[in-house]
Each structure stands twice: as C-alpha cells, then as structure tokens.
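Okay, here's what each chain looks like letter by letter:
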Amino acid sequence: QGSAVGIDREYINKLKRLANRINPVLISDHVSYSWGIINGSKVHAGDLLPVERTKTGLNTLSDNIDKVQNILGIKILVENISCYLSNLTNHISEPEFLTELSANTGCGLLVDLNNLLVNAFNFETEDPLCVAENWIKQVPPSIIDEYHLAGSTEVSQGNMLIDDHAKPVSQTCWQLFKTALAHTGPKPTVIEWDNDLPSWQELIKESCKAKQLIIETNFDPGYSS
C-alpha cells in the first residue's frame, strides 16, 4: 500500500472479484511497501518494508488507499507492522501517522498488539508494555476496528525479538489486550500462530481466553473521549 510505484490494479481487481464472491466482514493490509523500481524494473522485496513516517510517505499511502477503496467500493483496515530497522527518517509518531491516515482516507486500523510489543522491546528504553499502552491511548478509539494477538520466541535483552508467531500469546500481550479493550470496547480479534503449531485444544484454549477477556471488558465510552 505504501509504495511510490502505486497500486497493482490487476491484483486489486482480482481481490474485488473475490470479495464480491465471499462477502468478507473485513479486508485489511499492512502499512508497508514491497514493490520498488531498480534499474527501471519493478521488483518485489519479498517482505513487508516499513513506510517512512513523513508527509511524503503519508501522502503516498493516503493516495494508494484511496484508490484501493474506490476500486473495492468498501472501507479497508490497515495494520501496523513489526519493524527491524532503527535508522528510518520518521518525522511523525506512529499513532499520529495512522490517525492522520485514517482522517485522510476513512480507513480503519487493525492494531497488532504483539507488533507494538516487539518494536518497543527492540527500540525503546522504557518497559515495552508501558510504551505499547501509551501508543494505544494516543489513537482515537473510533478508528480501531480489529486486534491481532500473537506470541514470539523469547530472547535476552540486547538481542532482536522477532514476531515469529511461534508461541502462545504472552502475558504482556494479554495485559495490553485488556488495556486496548478498555480503550475501545470489544473488537473483532484474531490470534495468530503460524509456526511450531500446538494442538487444536491449545489453540481453542487461547481463543477462549480472548473471548473471556472481551466478555469481562469494563468499557466506559467516556474513558478515552
């Protein structure tokens, strides 16, 4: 979505045909880019690369999202990513960037809570939970439409934490989920577990825990106004 080479209209048209056939509840993509031009040829990075949080990056992303939503005919959600680069030219904080992006385009946010914790662990000096909770509280609750939960393989401080979706949701992520629910109220929630898959029973257990926390949410609509 964030590439300066623009959107792939053929791909979006195929997505539109699929969406028309299955009528999904939500459609989302990552705040990232994968396509670029090298020596006049269009190339794919094979990964989700972070968009620099500048006015130029914001305008490019906004324009691409507008085009996608106009083709699809529906609002989409955009998701924050795990970033493993610390030397980006970022002039705008991520919460401010995504809030302005939503204001520009009408898109919603899919907030990946584990991605927030991974980034905070890798690049912040404060406690990751405190950093992530502050991030959540800076975003208007009305634009957050979905949450993702996941777990990562633990590493010692000073090593790079990877969002590998290979472990149960961490206790820190569950605590962040409680904070997020108090901020926004219940939202559609997905638990991501892609590597070192456990038994089906353990996956159901994780799902039930998420459902119970949503049921127990003490949401005050005036809490974040």
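Note that the structure is predicted; figures quoted are calculated from it, not measured.

Before going further, it helps to spend a moment on the environment of Pro168. Within the element layout of this structure, Pro168 appears in the loop between strand E6 (144-150) and helix H6 (171-184). Once the C-alpha coordinates of Pro168 and Ile191 are considered, the two residues, 23 residues apart in sequence, prove to be 9.2 Å apart. Contact partners of Pro168, with chain neighbours within four places excluded, come to Gly151, Trp193, Glu202 and Glu206.

Further remarks concern the nonpolar core. Val111, Leu113, Ile136, Tyr147 and Phe177 are the most contacted members of the largest nonpolar core, which totals 42 residues. With residues up to four places along the chain from it excluded, the contact list for Phe177 reads Leu113, Tyr147, Leu149, Thr189, Ala210, Leu213 and Ile214.

On to the environment of Glu100. Here Glu100 is to be found in helix H3 (residues 94-105). Here the alpha-carbon distance between Glu100 and Val155, two residues 55 residues apart in the chain, equals 34 Å.

Taken as a whole and judged by the stated rule, the model has two aromatic pairs. Ring geometry for Tyr147 versus Phe177: centroids 6.1 Å apart, planes at 80°, classification edge-to-face. Here Tyr147 is found in strand E6, whereas its partner Phe177 is found in helix H6, with 30 residues between them in sequence. Across the pair, exposure class does not vary: Tyr147 and Phe177 are buried alike. When the ring of Trp174 is compared with that of Phe177, the centres are 6.4 Å apart and the planes differ by 55°; the resulting orientation is tilted.

Turning our eyes to something else, we now look at the packing of helix H4 (residues 113-123) against helix H5 (residues 128-137). Where H4 contacts H5, the axes come no closer than 8 Å and their chain directions differ by 130°. Regarding the angle of H4 to H5, the classification is oblique. The crossing of H4 and H5 is right-handed. Between H4 and H5, the contacting residues are Leu113, Leu116, Leu117, Ala120 and Phe121 on the first element and Pro128, Leu129, Val131, Ala132, Trp135 and Ile136 on the second.

Their axes nearest at 9 Å, the elements helix H1 (residues 9-22) and helix H2 (residues 55-72) cross at an angle of 40°. Comparing their axes, H2 and H1 come out oblique. Between H1 and H2 the crossing geometry is right-handed. In this structure, H1 uses Arg9, Ile12, Asn13, Leu15 and Lys16 to contact H2, whose residues at the interface are Lys67, Val68, Ile71 and Leu72. Tallied by class, residues from the contact of H1 with H2 come to five nonpolar, one polar and three charged.

The next thing to look at is the side chain of Glu146. With respect to the helices and strands, Glu146 occurs in strand E6. Reaching out from Glu146, the side chain makes a polar contact with the side chain of His148 at a distance of 3.3 Å. Among residues more than four places away in sequence, those in contact with Glu146 are Leu26, Leu77, Leu109, Leu110, Val111, Lys187, Pro188 and Val190.

Take the pattern of salt bridges next. One pass over the structure, following the stated rule, counts four salt bridges. For the salt bridge of Glu10 with Lys14, the shortest nitrogen-to-oxygen distance reads 3.8 Å. Taken together, the residues span about one helical turn, with Glu10 and Lys14 both in helix H1 at a distance of four residues. The exposed category is assigned to Glu10, whose relative accessible area is 55%. A salt bridge links Lys67 to Asp63, with the shortest nitrogen-to-oxygen separation between them at 3.2 Å. Remark: Asp63 and Lys67 occur in helix H2; sequence separation between them is four residues, near one turn of the helix. Look at Lys67 and you get partly exposed, because its relative accessible area is 30%.

So, how was this worked out
- Residues numbered from 1 in each chain as written.
- Predicted model: local features only at pLDDT ≥ 70, side-chain atom pairs only at ≥ 80, totals over all residues.
- Heavy atoms only, no water.
- Helix = DSSP H or I, 4+ residues; strand = E, 2+ residues; numbered from the N terminus.
- Contact = heavy atoms within 4.5 Å.
- Core = buried A, V, L, I, M, F, W, Y, C linked by side-chain atoms within 4.5 Å.
- Buried < 20%, exposed > 50% of the residue type's maximum accessible area, 1.4 Å probe, protein only.
- Phe/Tyr/Trp six-rings, centres within 6.5 Å; stacked < 30°, edge-to-face > 60°.
- Axes fitted to C-alpha atoms, helices over the stretch in contact; angles between N-to-C directions.
- Parallel < 35°, antiparallel > 145°, perpendicular 65-115°, else oblique.
- Left-handed = near helix turned anticlockwise from the far one by under 90°.
- Nonpolar A, V, L, I, M, F, W, Y, C, P; charged D, E, K, R; others polar.
- Polar contact = N/O pair within 3.5 Å; in protein donor to acceptor, adjacent residues only side chain to side chain.
- Salt bridge = Lys/Arg side-chain N within 4 Å of Asp/Glu carboxyl O.

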